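Inside the fold
Each chain, letter by letter, is given below.
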Amino acid sequence: MRLRPRAKPDAPAPDGARPAPPSPLLLLFAFGGLMATLAAGYGVLFTIVDDYKNEYGISESAIGVVIGIGFLSGFLSQVVIAPYADRGHARLIVFLGVTVNIAGLLLMALGTTLAPILIGRFISGIGIGAASPAIRRIVILADPGNLGSNLGRLLAADVFGFAMGPAISAILVGPFGIPAPFIAIAVFAAVLLAFVARVPVVETAVEARPQKRLAFDLLRIRPFAGATVLAGVGFVMIGGFDSLWALVHDELDTADWIANLGITLFALPLVVLGPLGGRTAQTFGPFRLAAIGLFAGAGFLLGYGLLPTGGLIFALAMVHALSDGMTISAAGVGAGLVIPEDRQAGAQGMLGAAQAVMAGLTAVTTGVIYEHFGRTVAYAVVATAMVLLTSFGLWLAKDAWSLKRPLRSAASSDSTSEPTSVG
C-alpha cells in the first residue's frame, strides 16, 4: 500500500483507474482502532458481571439477558442497517454506528439499575452491528490487492480489543468505579472518528448502487453462501470452546492460573498471525485454508473431550490457537473475493449475522449437553456439527475451491461496479 494524496470530494479517479490506497498506518490506526474499541466494550462487559451483581444488585439471569440482547440487536443491525454502506454511505454508517455505540457505552456507564444498562447494551449492539461491516467494506476496497492482509489486521485488532477488555476493567474499576472502563473506551472511539474523516473512502457510484435493501439475495451466489456457512462454523467452534472452558477446568481441578490465563493466551496468536493468515488465504485459496482450519478445529475440540487433565487441554489449546490464527479469517477473505465491490458491506454483515447466530446457539446447546452428558459428549457433538457444516459449506463453494488472488492485483476488473473515490 502507498500513501495516497487526498482526493477532492466525489472526484473519480482519472481515466477510470483505481486511486492509490491510503497509508497502511492510517488505515490500521483509524479502522483497526475502531474495531478494537467496538470489541473492547464487549470484553469489559463480560468481566464486570460480578460488579453489576455486587454493586447494583442485578441478578445473574438479568445479566445474562443484558449480554444476550446485545448479540440480538447486533444481528438485526448487521442484516438491516449494514447494507446501506453499499449505497454510497459507508463513511456515514461508520460514523453513525460508532456514535450510537458510544451512546450505549455511556448509558451502561451511568446506569445503576437494570433498565438503562439493558437499553445501553441494546443500542450498543445496534451501533457495533452497523459499523463493523461498513469498516470491513472500506478496508477491502481501500486496497483490494491486499484484501487478505488487511482483513487479517482487522481480525487481529478485533481480537486484541476483546482481550484488552479485562485488562482495562482491572486497571480502572478498582480506583474509579464501574463507569470508568466504558467511559475510557467511548472517549478513545470518539478520538478515532477524527482520523476516519482523513481516510479517502471508495463509495459506490450512484448508477451502480444496489437497489436491494437487504443482502439475503447474495446467498444465491453459491460460493458466498459457502463462505457464510464456513464463517458460522468458525463461531460454532468459538461458542463451544468459550462456553465450556471454565466449566471443564473446574471439573478437572485445574490450577486457577491455567484456567484464567488460557483465554488470553489463546487470543495472542490470532492477534500476531492475523495479517499473515489473511494474506495466506488470499494467495493459497480461502476455501482451501478454511477447510484445513475448520477440520483441524473439530479435531482439537474432540481432543478437549478426551484428554484427562487440564494441563494437557491447555497445551492442546495453544496449538489450536496457532491453527486458528492462520485460518480463522479465511471465510471472510473468501466472501470478499466472490462478492462485487458494490455489495461488500451487505456481504460482511451477512457473515457477522451468521457468526452471531451460530455462536449463540452453540453456547446454549453445548451447556445443556455438558450438564446432562458430560464434556466428552459435549465436545464430540460440537466437533461433529463442525465437520458436517464445513462439508456443506465447501460443497456450496465448490466452484470457487481453487479461487485465489495474487497480492496487489488489480481487483477492479473483477468487480461488476464502478465505484468512485470520495475524499
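Starting afresh in each chain, residues are numbered from 1 along the sequence in its written order. Only residues with pLDDT of 70 or above have their local features reported here, since the model is predicted, and side-chain atom pairs are shown and tallied only from 80 upward, although totals for entire chains, interfaces and linings are computed over all residues. Hydrogens are left out, water is left out, and the side-chain values use all remaining heavy atoms of the structure.

In this section: the overall build of the protein. Secondary structure is summarised from DSSP: a helix means a run of H or I of at least four residues, a strand means a run of E of at least two, and numbering begins at the N terminus for each. Each helix and strand counted, the protein has 14 helices and two strands in total. The criterion used for residue contact is that any of the two residues' heavy atoms lie within 4.5 Å. If you take every contact in the protein between residues at least 6 apart in sequence, the share linking residues at least 24 apart comes to 84%.

This part is about helix H5 (residues 114-142). Given the number of residues in a helix, its expected span is that number minus one, multiplied by 1.5 Å. Along its 29 residues, H5 runs 42 Å from first to last C-alpha, staying within 8% of the 42 Å computed at 1.5 Å per residue. Only protein chains enter the accessibility calculation, which uses a 1.4 Å probe; a residue whose area is less than 20% of its type maximum is buried, one above 50% is exposed, and one in between is partly exposed. The element H5 is extensively covered by neighbouring structure, given that 21 of its 29 residues are classed as buried.

Taken N-terminus to C-terminus, the directions of H5 and helix H6 (residues 147-176) make an angle of 145°; their axes are 9 Å apart at the nearest point. Judged by the sense of rotation from one axis to the other, the crossing of H5 with H6 is right-handed. Together, Ile135, Arg136, Val139 and Ile140 of H5 and Leu147, Asn150, Leu151, Leu154 and Asp158 of H6 make up the contact between the two elements. Among the residues forming the contact of H5 with H6, the class breakdown is six nonpolar, one polar and two charged. To get an axis, fit a line to the C-alpha atoms, keeping to the stretch in contact for a helix; angles then go from 0 to 180 degrees between the N-to-C directions. By definition, any crossing whose near helix is turned counterclockwise from its far helix by less than a right angle is left-handed, and any crossing with a clockwise turn is right-handed. Polar here means any residue other than Ala, Val, Leu, Ile, Met, Phe, Trp, Tyr, Cys and Pro, which are nonpolar, and Asp, Glu, Lys and Arg, which are charged; Gly is therefore polar.

Let us now look at unusual backbone geometry. Although it is not a glycine, Asp253 sits at a positive phi angle of roughly 55°. In this fold, Asp253 is placed in the loop between helix H8 (222-251) and helix H9 (256-284). Residue class for Asp253 comes out exposed when judged on its relative accessible area of 69%.

The pairing test for Phe, Tyr and Trp rings, Trp by its six-membered ring, is centres within 6.5 Å, and the orientation test on the planes gives stacked under 30 degrees, edge-to-face over 60, and tilted for anything in between. Taken as a whole and judged by the stated rule, the model has seven aromatic pairs. Clustering of aromatic rings is evident, with ring pairs tying together Phe241, Trp245, Phe266, Tyr304 and Tyr379. Between Arg222 and the ring centre of Trp395, over which it is positioned, the NZ or CZ distance is 4.6 Å. Geometrically, a charge over a ring is one whose NZ (Lys) or CZ (Arg) sits within 6 Å of the ring centre while staying within 35 degrees of the ring normal.

Taken residue by residue, the protein gives an average pLDDT of 83. The fraction at 70 or more is 87%. Residue-level confidence of the predictor is what pLDDT reports, using numbers from 0 through 100. The model gives residues 1-17 a pLDDT under 50, and that stretch makes 36 contacts with residues more than four places away or in other chains. Note on residues 409-423: pLDDT under 50 across the span, and 47 contacts to partners over four residues away in sequence or across chains.

Here the focus is the nonpolar core. Take the buried Ala, Val, Leu, Ile, Met, Phe, Trp, Tyr and Cys residues and link them wherever side-chain atoms come within 4.5 Å; each set so joined is a nonpolar core. Core analysis: the largest hydrophobic core is formed by 114 residues, its most contacted members being Phe31, Tyr52, Ile135, Phe182, Phe224, Tyr304 and Met386. Sorting elements by how many residues they give to this core places H8 first, with 13 residues. In contact with Met386, not counting residues within four places along its chain, are Val233, Val236, Met237, Leu294, Gly297, Ala298 and Leu301.

Moving on, we come to the environment of Phe300. With respect to the element layout, Phe300 can be found in helix H10 (residues 286-306). Here the alpha-carbon distance between Phe300 and Ala383, two residues 83 residues apart in the chain, equals 8.4 Å. Beyond its immediate chain neighbours, meaning those up to four positions away, Phe300 contacts Leu316, Val319, His320 and Ser323.

Here we come to the pattern of salt bridges. By convention in these notes, a salt bridge is any Lys or Arg side-chain nitrogen within 4 Å of a carboxyl oxygen on Asp or Glu. Summed over all chains, the structure comprises three salt bridges. In this structure, the salt-bridge partner of Asp86 is Arg137, at a minimum N-O distance of 2.9 Å. Of the two residues, Asp86 is situated in the loop between helix H3 (60-80) and helix H4 (90-110) and Arg137 in helix H5; the sequence distance between them amounts to 51 residues. Take Asp86 and Arg137: they sit in the same class, and that class is buried. The residue Arg343 makes a salt bridge to Asp217 at a minimum N-O spacing of 2.9 Å. Here Arg343, found in the loop between helix H12 (330-338) and helix H13 (344-373), pairs with Asp217, found in the loop between strand E1 (201-203) and H8; they are 126 residues apart in sequence, far enough to count as distant. Assessed through its relative accessible area of 16%, Asp217 is described here as buried.

The patches reported here contain residues having more than 30% relative accessible area and no salt bridge. Joining distances are 9 Å for like charges and 5 Å for nonpolar side chains (Val, Leu, Ile, Met, Phe, Trp, Tyr). Per-residue and other accessible areas follow the Shrake-Rupley method at a 1.4 Å probe size, with only the shown protein chains counted as cover for residues. A cluster of nonpolar side chains, namely Leu106, Ile183, Val187 and Val191, defines an oily patch on the protein surface of about 290 Å² accessible area. Of all the elements, helix H7 (residues 179-196) adds the most residues to the nonpolar patch, at three residues. Among the secondary structure elements, Val187 is positioned in helix H7.

This brings us to the packing of H10 against helix H14 (residues 375-396). Helix-helix packing is characterised by the crossing angle of the two axes and by the distance between the axes. The geometry of H10 relative to H14 is characterised by a closest axis approach of 7 Å and an angle of 170° between their N-to-C directions. In terms of axis orientation, H10 runs roughly antiparallel to H14. Seen along the crossing, H10 lies across H14 with a hand that is left-handed. Note on element contacts: H14 touches H10 through Arg375, Thr376, Tyr379, Ala380, Val382, Ala383, Met386, Val387, Thr390, Ser391 and Leu394, opposite Phe287, Ala291, Leu294, Phe295, Gly297, Ala298, Leu301, Leu302, Tyr304, Gly305 and Leu306. Convention used here: angles under 35 degrees read as roughly parallel, angles over 145 as roughly antiparallel, angles from 65 to 115 as roughly perpendicular, and any remaining angle as oblique.

For the rest of this paragraph, the subject is the side chain of Thr390. Looking at where Thr390 falls in the secondary structure, it is placed in helix H14. Here Thr390 is in contact with Leu230, Val233, Leu294 and Phe295, once residues within four sequence places are set aside.

For Ala90, the position within the fold is in helix H4. The spacing of Ala90 and Ile135 is 45 residues in sequence and 7.7 Å in space, taken between C-alpha atoms. With residues up to four places along the chain from it excluded, the contact list for Ala90 reads Ala85, Ala134, Arg137, Ile138, Val201 and Glu203.

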